[in-house]
Amino acid sequence: MKYTAQHEWLAERDGTVTVGITVHAAKELGDVVFIELPEPGRTFARGEEIVIIESVKAASGIEAPFDGEVVEVNAEIVSDPELVNEDPECGAWFMRVKPAVPGALDAFMDEDAYRAMIDQEH
């Protein structure tokens, strides 16, 4: 797995990348009450807001970590957003995307670097 500075996790398999938020992000958000995911087939550019999450604390967006195309979304979390709080780094993935360029994950943090970043934030 790789991690972004915005607390997303990225797992690559068979040319696609599964995207979700970390346990840390889920705790910071509080109880998630609404999620809006992009439609499969949508293309996006790095930095573009592609997911909207609302919790009891705040509304926020997830920005695309790289250029790509959405190939699948997790409809289960749209109908049951609490899953994000229950299992953020496995069952509550947000979407699977195909990166526009190979090696898109090379620029992101490994788990040790991500943990170090969290430690510096607190």
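In this text, all values refer to a predicted model and were calculated from it rather than measured experimentally.

Enquirer: Could you clarify how one ought to interpret unusual backbone geometry in this entry?
Expert: Backbone geometry at His-7 places phi at a positive 70 degrees, although glycine is not the residue there. Relative to the helices and strands, His-7 is located in the loop between strand 1 (2–3) and strand 2 (8–13). Positive phi values are uncommon outside glycine, yet Asp-14 reaches one of about 55 degrees. Tracing the backbone shows Asp-14 in the loop between strand 2 and strand 3 (16–21). Residue Asp-14 is classed as exposed on the basis of its relative accessible area of 72%.

Enquirer: Before we go on, may I ask you to explain the environment of Gly-41 in this structure?
Expert: Inspection of the secondary structure assignment puts Gly-41 in the loop between strand 4 (32–36) and strand 5 (43–44). The sequence separation of Gly-41 and Glu-76 amounts to 35 residues, and the corresponding C-alpha distance is 18 Å. Sequence-distant contacts of Gly-41, that is, excluding residues within four places in its chain, are made with Glu-69 and Val-70.

Enquirer: Help me understand the pattern of salt bridges, please; the structure alone is not making it clear to me.
Expert: Close approach of charged atoms allows side chains of opposite charge to pair. Applying the stated criterion across every chain yields a total of four salt bridges. One salt bridge in this structure joins Arg-13 and Asp-14, with 3.7 Å as the shortest N-O distance. The closest approach of N and O atoms between Arg-115 and Glu-111, which form a salt bridge, is 3.3 Å. You can see Arg-115 and its partner Glu-111 sitting in helix 4 (residues 111–121), four residues apart, about one turn around the helix. You can call Arg-115 partly exposed: its relative accessible area is 38%. When its relative accessible area of 40% is taken as the criterion, Glu-111 is described as partly exposed.

Enquirer: How do you make sense of the environment of Ile-50 when you look at a structure like this?
Expert: With respect to the element layout, Ile-50 can be found in strand 6 (residues 49–55). Taking the C-alpha atoms as reference points, Ile-50 and Pro-65, 15 residues apart in sequence, are found 9.9 Å from one another. Residues in contact with Ile-50, not counting those within four places in the same chain, are Glu-36, Leu-37, Pro-38, Arg-42, Phe-44, Ile-62, Glu-63, Ala-64 and Met-95.

Enquirer: Please clarify how helix 4 should be interpreted in this entry.
Expert: Residues spaced three or four apart along an α-helix point in a common direction, a consequence of the helix completing one turn every 3.6 residues. All buried positions along helix 4 are accounted for by Tyr-114, Met-117 and Ile-118. Buried residues along helix 4 cover an arc of 100 degrees about the axis, so they all sit on one side. Exposed and oriented more than 90 degrees from the buried face of helix 4 are Asp-112, Asp-119 and Gln-120. The N-cap residue of helix 4 is Asp-110: its side-chain oxygen and the backbone nitrogen of Asp-112 are 3.3 Å apart.

Enquirer: What's the story with the packing of aromatic side chains in this structure? I'm lost.
Expert: Here a ring pair, both rings aromatic, is described through the centre-centre distance and the interplanar angle of the planes. Per the counting criterion, the structure on display carries one aromatic pair. The lysine or arginine in question, Arg-96, covers the ring of Trp-93, its NZ or CZ lying 3.9 Å from the ring centre.

Calculation notes
- The residue numbers shown here count from 1 along each chain, following its written sequence.
- Given that the model is predicted, a residue must reach a pLDDT of at least 70 before its local features are reported, and side-chain atom pairs must reach 80 or more before they are shown or counted; all residues, however, enter totals for whole chains, interfaces and linings.
- Hydrogens and waters are ignored; side-chain quantities use all the structure's heavy atoms.
- Secondary structure follows DSSP: runs of H or I at least 4 residues long count as helices, runs of E at least 2 residues long count as strands, and numbering of each begins at the N terminus.
- The buried label goes to any residue with under 20% of its type's maximum accessible area, the exposed label to any with over 50%, and the partly exposed label to all in between, with areas taken from a 1.4 Å probe on protein chains only.
- We call two residues contacting when some pair of their heavy atoms lies within 4.5 Å.
- Salt bridges are defined by distance alone: a side-chain nitrogen of Lys or Arg within 4 Å of a carboxyl oxygen of Asp or Glu.
- Here the arc refers to the directions that run from the helix axis out to each C-beta atom.
- N or O atoms within 3.5 Å of each other form a polar contact, as long as, within protein, one can give a hydrogen and the other can take it, and as long as residues adjacent in sequence are counted only when both atoms are side-chain atoms.
- Any two rings among Phe, Tyr and Trp, with Trp reduced to its six-membered ring, count as a pair given centres within 6.5 Å; such a pair is stacked if its planes are under 30 degrees apart, edge-to-face if over 60, and tilted if neither.
- Any Lys NZ or Arg CZ found within 6 Å of a ring centre and within 35 degrees of that ring's normal is scored as a charge over the ring.

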